[in-house]
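# Observations on the model geometry
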Amino acid sequence: MTLTPVLYTEIAAASSIVTTGAEALMDALHRHGVKHIFGYPGGAILPIYDALHKAESKGWLRHILVRHEQGGAHAADAYARATGKVGVCFGTSGPGATNLVTGIATAQMDSVPMVVITGQVPRSAIGTDAFQETDIFGITLPIVKHSWVIRNPADIGRIVAEAFLIAASGRPGPVLIDVPKDVGQEEFAYTPVSPGSVIPLGFRQPLSPNNSDIEQALELIKKAHQPLLYVGGGAISAGAHATVKQLAERYQIPVTTTLMGKGAFDEKHPLSVGMLGMHGTAYANFAVTECDLLIAVGARFDDRVTGKLDTFAPNAKIIHLEIDPAEVGKNRRADVAILGDVAETLALMVQHKSSTVQKPKTNAWLKRIREWKTRYPLIIPSPSGAIFPQEVLLAVRDLAADAYITTDVGQHQMWAAQYLRNGPRRWISSAGLGTMGFGMPAALGVQTALPNEQVVCIAGDASILMNIQELGTLAQYQLPVKVIIVNNHWQGMVRQWQESFYNERYSASDMLDGMPDFVALAGAFGVHGVHIHSRVQLRSGLQKAFKHPGPVLVDIHVRRGENCYPMVPPGKSNAQMVGLPNDSGVALRKKSTCSKCGVENATEHLFCYACGMEL
């Protein structure tokens with residue numbers, strides 16, 4: 001469908017006009033630049049869908065009919081992540097609304113701007129346990145930035161303006177608007193509200209960064225010999241990748257990113273150490289353990305990054321650049337905290353008169369990191385026997401280097417994070433909530449937003465089944481998403497944990513019995529499918545899939561028992577990784593002997609990397 005901008009001239013020509021609540025809602029969405037909505041209709045939201053039909057006929061809007069409301073929420077979420085715009089999704093009352101909850105929580109955990117609009121039973125029926133009545137306002141209170149139940153249609157213009165402002169400002173996140181059916185049907189004198197013209201009571205935009213805090217931070221950076229930039233999703237949201245690079249290059253500071261921060265710094269750059277944390281690179285985890293200054297940029301020190309918190313960057317001073325005051329000091333006290341938009345903060349830091357540096361002090365530090373990279377690279381298995389999962393990701397990296405990547409959740413997600421290299425906003429994954437089933441609906445959201453871009457979904461055979469019905473959406477709209485299933489016939493990460501920590505008791509994690517023929521299933525939806533069972537088929541099969549003009553599902557059978565390494569076991573420090581090619585002890589300076597296990601540690605360590613004993 002060709003989208004052409006069409007104004008509601010009858011509304012624009014007058015200060016107010018008599019119209020229905022549903023028509024007013026569609027006009028308000030139009031004024032806020034909405035071009036795509038992901039949704040599924042139902043009884044309580046039918047007045048809104050009737051107005052949506054008229055909007056589509058005028059050419060300014062395209063509605064994507066998902067097969068499940070959760071898919072609509074994930075699609076709107078990924079639409080926002082890929083574009084930086086606010087994503088919009090619709091659902092009806094009752095089960096339609098509750099089906100959106102997982103998608104809302106996913107967006108909230110990863111700070112994604114999204115406006116969720118639900119139908120509700122008529123105002124007179126609220127509180128009577130009417131058919132398909134659910135208090136979605138109450139249910140979602142902990143997982144939205146703000147929410148409204150519209151009881152007066154005259155409030156629609158104002159509420160929509162407030163919703164978009166709140167969703168996109170400060171630390172972004174989802175908001176919810178609940179619209180009773182009779183509000184959508186009622187006629188009233190509608191006065192349009194321009195975007196940004198209404199400021200909600202108590203609303204405050206983030207303040208500009210404090211100059212004295214910036215000066216303190218720069219002084220710490222100049223004095224540091226082993227600094228490390230720790231870059232999270234906030235840098236992506238703020239569009240701060242260029243200034244991250246400027247700061248890193250000026251002071252020759254190595255850069256590690258979180259799962260949410262992938263793409264904020266070029267992973268091919270010599271200063272990059274890749275992702276840190278539970279399945280991060282060995283050199284990133286060694287670097288964060290031994291750094292003397294940690295500069296956190298839009299990151300929140302979550303448990304999958306820090307490992308055992310009191311051993312995380314134990315000798316480092318902390319500079320925390322953050323837009324959300326609630327994150328400062330929540331998990332780790334900052335020596336210098338700079339509140340404000342991180343892009344603005346970084347720009348001020350690199351422009352500051354005192355930001356010149358005579359000679360970087362990090363040469364020895366960078367040499368050490370290069371040695372770790374040489375000694376502890378990510379493992380690339382030798383090509384023998386069944387296909388290794390890592391081979392699949394390396395092939396995707398070579399054949400779809402500039403693609404937008406979405407993932408499901410599990411081992412395949414971690415391998416993708418380790419081996420793929422992405423630009424800003426080209427890595428889209430459920431990081432905080434870890435939502436299985438996110439990948440394919442996310443991919444259709446990205447493809448809808450960016451029809452001329454290559455979009456690849458990396459999925460697991462267990463995760464893909466959570467929202468497999470969205471193959472129907474791909475088929476209906478012929479969205480050319482390429483879905484790559486890394487199929488080991490397990491809930492892979494669950495199996496790895498059961499092997500490692502539960503004495504190989506594989507309880508309810510084997511997916512072999514009942515596993516569908518994915519290619520036949522794709523065909524039933526009208527989606528082209530490809531089986532890949534052997535190494536000789538891998539690259540040629542992927543090349544054919546990527547050249548296909550429509551959606552394709554590629555089912556790649558990989559060896560069943562492969563684990564994702566490195567791995568920081570729960571409760572251990574980041575230096576206590578398992579699955580490295582050699583003993584991790586040789587990577588650290590051996591100057592202090594642990595009294596418990598006898599292993600030598602670097603003198604600056606507070607805890608033994610081998611047993612966790614305080615030194």
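Remember, it's a predicted structure, so these values are computed and weren't measured experimentally. Think of each chain on its own: its residues are numbered from 1, step by step along the sequence as written. With pLDDT at 70 or above as the cut-off, local features in this predicted model cover only qualifying residues; side-chain atom pairs require 80 or more to be listed or tallied, and sums for whole chains, interfaces and linings still use all residues. Side-chain measures were taken over the full set of non-hydrogen atoms in the model, leaving aside hydrogen atoms and water.

## Digging into the overall build of the protein chain
Counted only if it meets this: Runs of E in the DSSP output that reach at least two residues are strands. Runs of H or I that reach at least four are helices, and both are numbered from the N terminus. Two things to know: the radius of gyration comes from C-alpha atoms, and the globule rule equals 2.2 Å times the number of residues to the power 0.38. When accessible area is computed with a 1.4 Å probe and restricted to protein chains, residues below 20% of their type maximum are described as buried, those above 50% as exposed, and intermediate ones as partly exposed. By definition in these notes, contact holds between two residues if any of their heavy atoms fall within 4.5 Å. Only the protein chains shown count as covering a residue, and every accessible area follows the Shrake-Rupley method with a 1.4 Å probe.
Of the regular secondary structure elements, the protein chain holds 23 helices and 22 strands. Computed over C-alpha atoms, the radius of gyration of the protein chain comes to 25 Å, within 12% of the 25 Å expected from 2.2 N^0.38 for 615 residues, which places it in the range of a compact globule. Summarising its shape, the C-alpha atoms of the protein chain cover approximately 80 × 60 × 45 Å along the three principal directions. Counting only residues that meet the buried cut, the protein chain has 58% of its 615 residues in that class. The long-range fraction of contacts in the protein chain, counting pairs at least 24 apart against all pairs at least 6 apart in sequence, stands at 75%. Of the roughly 23500 Å² of accessible surface on the protein chain, a fraction of 52% belongs to carbon and sulfur atoms.

## Remarks on unusual backbone geometry
A cis amide bond links Tyr565 with the next residue in sequence, Pro566, at an omega value of 0 degrees. Here Pro566 is to be found in the loop between β20 (552-557) and β21 (592-593). Not every positive phi belongs to a glycine, and Asn503 is a case in point at roughly 50 degrees. The topology assignment puts Asn503 in the loop between α21 (492-501) and α22 (518-525). At Glu504, a residue that is not glycine, the phi angle is positive and equals roughly 60 degrees. Its place among the elements puts Glu504 in the loop between α21 and α22. Relative accessible area serves as the criterion here: at 51%, Glu504 is assigned to the exposed category.

## Considering the sheet that holds strand β15 (residues 404-407)
Stated formally: If DSSP finds at least two bridges between two strands, the strands pair. Orientation is described by lines fitted to C-alpha atoms, with helices fitted over the stretch in contact, and by angles between N-to-C directions that extend from 0 to 180 degrees.
Taking strand neighbours across the sheet as the criterion, the six strands line up as β16-β15-β17-β18-β20-β19 in an open arrangement whose pairing is parallel. In the strand order of this sheet, the two ends are held by β16 (427-428) and β19 (528-532), each with one partner. In this sheet, strand β17 (residues 455-460) lies alongside β15 in parallel orientation, the contact comprising four bridges. Considered in β17, the bridge of Tyr404 is made with Val455. Sitting on the sheet, α22 is in contact with β18 (482-487), β19 and β20, with an inclination near 170 degrees to β20.

## Here we look at the pairing of strand β4 (residues 87-91)
The buried fraction of β4 amounts to five of the five residues, a majority that puts the element mostly inside the structure. Covered by surrounding structure in β4 are Gly87, Cys89 and Gly91 together with Val88 and Phe90, the residues of both alternating faces. As paired strands, strand β2 (residues 36-39) and β4 are joined by two bridges and run parallel to one another. The partner of Gly39 across the bridge, within β4, is Phe90.

## Overview of the pattern of salt bridges
Formally: Salt bridges, as used here, are contacts in which a Lys or Arg side-chain nitrogen is within 4 Å of a carboxyl oxygen on Asp or Glu.
Evaluation of the coordinates by the stated rule reveals 21 salt bridges. A salt bridge links Glu186 to Arg123, with the shortest nitrogen-to-oxygen separation between them at 2.5 Å. Separated by 63 residues along the polypeptide, Glu186 in the loop between α9 (181-185) and β8 (187-190) and Arg123 in the loop between β5 (114-120) and α7 (136-139) bring together distant segments of the chain. By relative accessible area, which is 25% here, Arg123 ends up partly exposed.

## Here we look at the confidence of the model for the protein chain
As a note on interpretation, predicted positions should not be read in detail where pLDDT is low. Heads up, the condition is: A residue's pLDDT is the confidence the predictor assigns to it, expressed on a 0 to 100 scale.
Chain-level statistics for the protein chain give a pLDDT mean of 93 and a share of 93% at 70 or above. Note that residues 1-14 has pLDDT below 50 and, in this model, 31 contacts with residues that lie over four places away or in other chains. Note that pLDDT drops below 50 for residues 583-590; the model gives that stretch 29 contacts with residues more than four away or on any other chain.

## Details of helix α19 (residues 439-449)
Of all 11 residues in α19, 11 are buried, a share of seventy percent or more. For α19, the complete set of buried residues consists of Gly439, Met440, Pro441, Ala442, Ala443, Leu444, Gly445, Val446, Gln447, Thr448 and Ala449.

## Let's talk about the nonpolar core
The cut-off we apply is this: Buried residues of nine kinds, namely Ala, Val, Leu, Ile, Met, Phe, Trp, Tyr and Cys, make up a nonpolar core once their side-chain atoms join them within 4.5 Å. Residue ranges for the domains trace back to a domain assignment, done automatically or taken from a database.
In terms of nonpolar packing, the biggest core is built from 64 residues, with Leu294, Leu542 and Ile556 touching the most fellow members. Looking at which element gives the most residues to this core, the answer is helix α13 (residues 282-290), with six residues. Residues from two domains meet in this core; each of domain 2 (211-376) and domain 3 (389-564) gives at least three. Not counting residues up to four positions away in its chain, the partners in contact with Ile556 are Ile387, Val392, Ile484, Ile485, Val486, Asn487, Ile532, Leu538 and Leu542. Counting 50 residues, the second largest nonpolar core, distinct from the first, contains Ile64, Ala78, Val116 and Ile468.

## Things to note about the packing of helix α4 (residues 69-83) against α19
Heads up, the rule is: Oblique is the label for every angle not falling under 35 degrees (roughly parallel), over 145 degrees (roughly antiparallel), or within 65 to 115 degrees (roughly perpendicular). Each crossing is labelled by how the near helix is turned from the far one, with a counterclockwise turn of less than a right angle marking it left-handed and a clockwise turn marking it right-handed. Ten residues, namely Ala, Val, Leu, Ile, Met, Phe, Trp, Tyr, Cys and Pro, are considered nonpolar, four, namely Asp, Glu, Lys and Arg, are considered charged, and the remaining ones, Gly among them, are considered polar.
With their axes 7 Å apart at the nearest point, α4 and α19 run at an angle of 50 degrees to one another. It follows that α4 is oblique to α19 by the angle criterion. As α4 packs across α19, the resulting crossing turns out to be right-handed. From α4, Gly71, His74, Ala75, Ala78, Tyr79, Ala82 and Thr83 reach across to α19, where they touch Pro441, Ala442, Leu444, Gly445, Val446 and Ala449. Residue classes in the contact of α4 with α19 are distributed as nine nonpolar, four polar and no charged.

## Structural notes on the UniProt feature "domain: Thiamine pyrophosphate enzyme N-terminal TPP-binding" (unreviewed entry) in the protein chain
Stated precisely, the cut-off is as follows: UniProt positions are given in the numbering used here, feature names are shortened, and annotations may be inferred rather than shown by experiment.
Here the UniProt-annotated "domain: Thiamine pyrophosphate enzyme N-terminal TPP-binding" (unreviewed entry) positions come out as residues 20-137. Secondary structure content for residues 20-137 is 46% helix and 18% strand, and the end C-alpha separation is 23 Å.

## Re the environment of Val86
Position of Val86 among the secondary structure elements: in the loop between α4 and β4. Taking relative accessible area as the criterion, Val86 reaches 17% and is therefore assigned buried. Put simply, Val86 and Gly33 are 53 residues apart on the chain and 9.2 Å apart in space, counted from C-alpha to C-alpha. Once residues lying within four places of it in the same chain are set aside, the contact partners of Val86 are Tyr79, Ala80, Pro113, Met114, Val115, Phe164, Ala167 and Ala168.

## Describing the packing of aromatic side chains
For clarity, the cut-off: Only centres within 6.5 Å qualify two rings of Phe, Tyr or Trp (six-membered ring in Trp) as a pair; their planes then separate them into stacked at under 30 degrees, edge-to-face at over 60, and tilted for everything else. Criterion for a charge above a ring: Arg CZ or Lys NZ at most 6 Å from the ring centre, at most 35 degrees from the ring normal.
Scanning all chains against the criterion turns up 11 aromatic pairs. Ring geometry for Tyr230 and Phe312: centres 6.1 Å apart, planes at 70 degrees, overall edge-to-face. Of this pair, Tyr230 sits in strand β9 (residues 227-231) while Phe312 sits in the loop between α14 (303-306) and β13 (317-322), and the two are 82 residues apart along the sequence. For the pair shown, Tyr230 and Phe312 are each scored as buried. Taken together through their ring pairs, the aromatic side chains of Phe286, Trp365, Trp372 and Tyr376 make up a single cluster. In this structure, Arg495 is placed above the aromatic ring of Trp490, and the distance from its NZ or CZ to the ring centre is 5.9 Å. The cationic tip of Arg559 hangs over the ring face of Phe388; the distance from NZ or CZ to the ring centre is 3.6 Å.

## Things to note about the UniProt feature "domain: Thiamine pyrophosphate enzyme central" (unreviewed entry) in the protein chain
As annotated in UniProt, the feature "domain: Thiamine pyrophosphate enzyme central" (unreviewed entry) corresponds to residues 214-347 in the numbering used here. Counting secondary structure, residues 214-347 comes out at 34% helix and 20% strand; the distance between its end C-alpha atoms is 11 Å.

## Overview of the environment of Gly127
By the secondary structure assignment, Gly127 is in the loop between β5 and α7. Since its relative accessible area comes to 65%, Gly127 is described here as exposed. It is 40 Å that separates the C-alpha atoms of Gly127 and Phe525, two residues lying 398 residues apart in sequence.

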